[in-house]
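Each chain is listed here by its residues.
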Amino acid sequence: MNLSSVKCITSLVSKGPIPLLFHELQKTAPKISEFIISQLLKSCGKITALEEGSQVHCLILKHGFNQDMIIMTSLLDMYSKCSSINDAENVFVEMPERDIVATNSMIHGLCRSGSTSKAVKMFNNMDERDEGSWNSLISGLSCNLEGDIALDFYERMRLEGVKVDVITMVSVLSICADLAALSNGRKIHGLVVKFGFELFLPVGNAIVDMYAKCGSMENACVCFNHMAVKNVVSWTCLIVGYGKHGRGIEALKALDAMESEQVVPNKITFLGALYACSHAGLVQEGWRIFNIMMYKYSITPIMEHYTCMVDLLARAGRLDDAYNFMEKMPVKPDARFLTAFLSSCCSFMNVELAKSVGDRLLQLVPQEAGAYMLLSNFYGLVGDSERVANVRRLMLKRGIRKQKAYTMIEIDRKVHSFESGDRSHPLSRKIYSCLHNVVKKMKKIGYVPNTSMVMQNVDDDAKEEIVLGHSEKLAIGLALISTPPGTPITFVKNLRVCVDCHIATALISKIEDREIIARDSNRFHHFKDGLCSCGNQW
């Protein structure tokens, strides 16, 4: 195959049009080589083109490349990236021999498909492992929201004296960020400095992101300022962090500084800035950022940008303006967009608009239970039992189940996870006893449990017990009995913090004299002396 054929194929692969590439092969009829097969597999994996990848598999068998370890490993990797894990396993079994690279690829593929127990078993059965084996398992587990297990394997990796590299550090820092495991994150940061990895840009970005997601924007800012080199990812991590913490003014200042440094913001940067404006009530600034994005940088808004703009207007109480903006959008609103708008309609008790938006939302057949629950709870609050029943019937008909709420908290560098009503923790009795005592104190200063969201047909005492067992309260209870008085408490919840838990957490911060930092699916809440940084708008 001559140089021009190589360049042609390489060019097509980089752009990802697999059908065009097959057509080019048929038209020019070059000799099928290992290089061509390798490039085809790479492209199929890149754009998850399973059907075309299977055709390449046929070419491999036809031309006898199934004895080539490199080709078969690439084939395995392609099937893994296309989420066809059964085909990947079949390729792995049929390989003439299996080296560490192939096994690592198989482990990562199993993790990507959610078969983490198989991945762990394969890893434990390996005769020899390199740092790639550990990295494949650790990053794969983290992708499946099994960060606590991934951290255990990282500790095991260190105990066995395996050399860590930049990939390891980035993966583990990202896990700490997801779990809000600040103590572990600080420890990893120390190792980064010890091994001299802080000069690597991806590691520096991961450190900033970790501190921001662990609730420590001050440390995030310090690390950002000490970075020798910054790129668009560095600035975006900082701006998104400010936005999640409700610090809109700082986010906008960072965006201005970024532009003055001649770093070009991307669509994620602007999404973070718009989000920051939305959660800080900066309506005019939000409009300015939106226009800069479109007209100065020629970035076409995606649905998430439009969602931020409607949320910005709706949170400020300008529901009619938000509705008009929605009607004039060049794209049709999706389920997440309408859910965000509906949330504001419910917050401001605009019944007619909530019903209108709710009806449109249900017509889209949203797949997330949160939309149905929000609508059902709102109809319950306004006394529309018929609509509550309709929403519940739709959930059953469409097979929609309420997503389980869980909360994670790090105590002494160990991550604990709770579900609502959880009694599986070894300290469960002490946790509930502590919470009952705290509730007694709160009731003395006027706390009344908000049980409006409890749908079970039980008496008031049972409803209060259900609310007491919410996952975030259990995490707080564990922290109260496990840490010295005055120690700050940080936890992460996978869903939005409910109204009762928000009120209770604020009161606990005052009664127990604790700063409590909560990260939910929307933003950070910093509770101190009975008040929250979100101003009760989240």
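Residues numbered from 1 in each chain as written. Predicted model: local features only at pLDDT ≥ 70, side-chain atom pairs only at ≥ 80, totals over all residues. Heavy atoms only, no water.

**Some details on the packing of aromatic side chains**
Moving on, step 1. Evaluated as defined, the whole model comprises twelve aromatic pairs.
Moving on, step 2. For the pair phenylalanine 195 and phenylalanine 197, a centre-to-centre distance of 6.0 Å together with 50 degrees between the ring planes defines the contact as tilted.
Moving on, step 3. The class of phenylalanine 195 is partly exposed, set by a relative accessible area of 33%.
Moving on, step 4. Between phenylalanine 197 and phenylalanine 200, the aromatic rings sit 6.1 Å apart at their centres with planes inclined by 65 degrees, giving edge-to-face as the arrangement.
Moving on, step 5. Across from the ring centre of phenylalanine 123, 4.5 Å away, lies the NZ or CZ of arginine 129, which sits over that ring.
Moving on, step 6. Between lysine 244 and the ring centre of tyrosine 275, over which it is positioned, the NZ or CZ distance is 4.6 Å. (Phe/Tyr/Trp six-rings, centres within 6.5 Å; stacked < 30°, edge-to-face > 60°. Buried < 20%, exposed > 50% of the residue type's maximum accessible area, 1.4 Å probe, protein only. Lys NZ or Arg CZ within 6 Å of the ring centre and 35° of its normal.)

**Observations regarding helix α8 (residues 116–124)**
Moving on, step 1. Regarding α8, the residues found buried are Thr116, Ala119, Val120 and Phe123. What you see down the axis of α8 is that its buried residues fit within an arc of 95 degrees, all on one side. For α8, the exposed residues set more than 90 degrees away from the buried face come down to Ser117 and Lys121.
Moving on, step 2. Buried residues along α8 sit against α7 (100–112), α9 (131–143) and α10 (147–159). (Helix = DSSP H or I, 4+ residues; strand = E, 2+ residues; numbered from the N terminus. Arc of directions from axis to C-beta. Contact = heavy atoms within 4.5 Å.)

**Considering the pattern of salt bridges**
Moving on, step 1. Summed over all chains, the structure comprises 22 salt bridges.
Moving on, step 2. When the shortest N-O distance is used, the salt bridge between lysine 81 and aspartate 77 registers 3.2 Å. A residue pair is termed a helical-turn pair when its members lie 3 or 4 positions apart in one helix, as lysine 81 and aspartate 77 do in helix α5 (residues 69–81) at four residues.
Moving on, step 3. Close ionic contact of glutamate 285 with arginine 288 constitutes a salt bridge, the shortest N to O distance being 2.9 Å. Taken together, the residues span about one helical turn, with glutamate 285 and arginine 288 both in helix α18 (residues 283–296) at a distance of three residues.
Moving on, step 4. Under the relative-accessibility criterion, arginine 288 is labelled partly exposed at 33%.
Moving on, step 5. Connected via shared salt-bridge partners are Lys355, Asp359, Asp384 and Arg387. (Salt bridge = Lys/Arg side-chain N within 4 Å of Asp/Glu carboxyl O.)

**Observations concerning the confidence of the model for the protein**
Moving on, step 1. Overall, the prediction assigns the protein a mean pLDDT of 88, with 94% of residues at 70 or greater.
Moving on, step 2. In the model, residues 1–16 has pLDDT below 50 throughout and makes 23 contacts with residues more than four positions away in sequence or in other chains. (pLDDT = per-residue confidence, 0-100.)

**Re the sheet that holds strand β3 (residues 489–493)**
Moving on, step 1. Pairing is mixed in the open sheet, where six strands are placed in the order β2-β1-β3-β4-β5-β6. In this open sheet, the two edge strands, each paired with only one partner strand, are β2 (414–419) and β6 (531–532). (Pairing = 2+ DSSP bridges.)

**Overview of the environment of glutamate 146**
Moving on, step 1. With respect to the helices and strands, the residue glutamate 146 is situated in the loop between α9 and α10.
Moving on, step 2. Taking C-alpha positions, glutamate 146 is 9.6 Å from leucine 179, a pair spaced 33 residues apart along the chain.

**Remarks on the packing of α9 against helix α11 (residues 166–179)**
Moving on, step 1. As a packed pair, α9 and α11 sit with axes 10 Å apart at the nearest point and diverge in direction by 20 degrees. In terms of axis orientation, α9 runs roughly parallel to α11. Two packed elements cross with a definite hand, and for α9 against α11 that hand is left-handed. Of the residues in α11, those touching α9 at Asn135, Ile138, Ser139 and Ser142 are Ile167, Thr168, Ser171, Val172 and Ile175.
Moving on, step 2. Here the residues of the contact of α9 with α11 sort into four nonpolar, five polar and no charged. (Axes fitted to C-alpha atoms, helices over the stretch in contact; angles between N-to-C directions. Parallel < 35°, antiparallel > 145°, perpendicular 65-115°, else oblique. Left-handed = near helix turned anticlockwise from the far one by under 90°. Nonpolar A, V, L, I, M, F, W, Y, C, P; charged D, E, K, R; others polar.)

**A closer look at the side chain of serine 139**
Moving on, step 1. In this structure, serine 139 sits in helix α9.
Moving on, step 2. Those residues within four positions of serine 139 in sequence are excluded, and the remaining contacts are His108 and Ser171.

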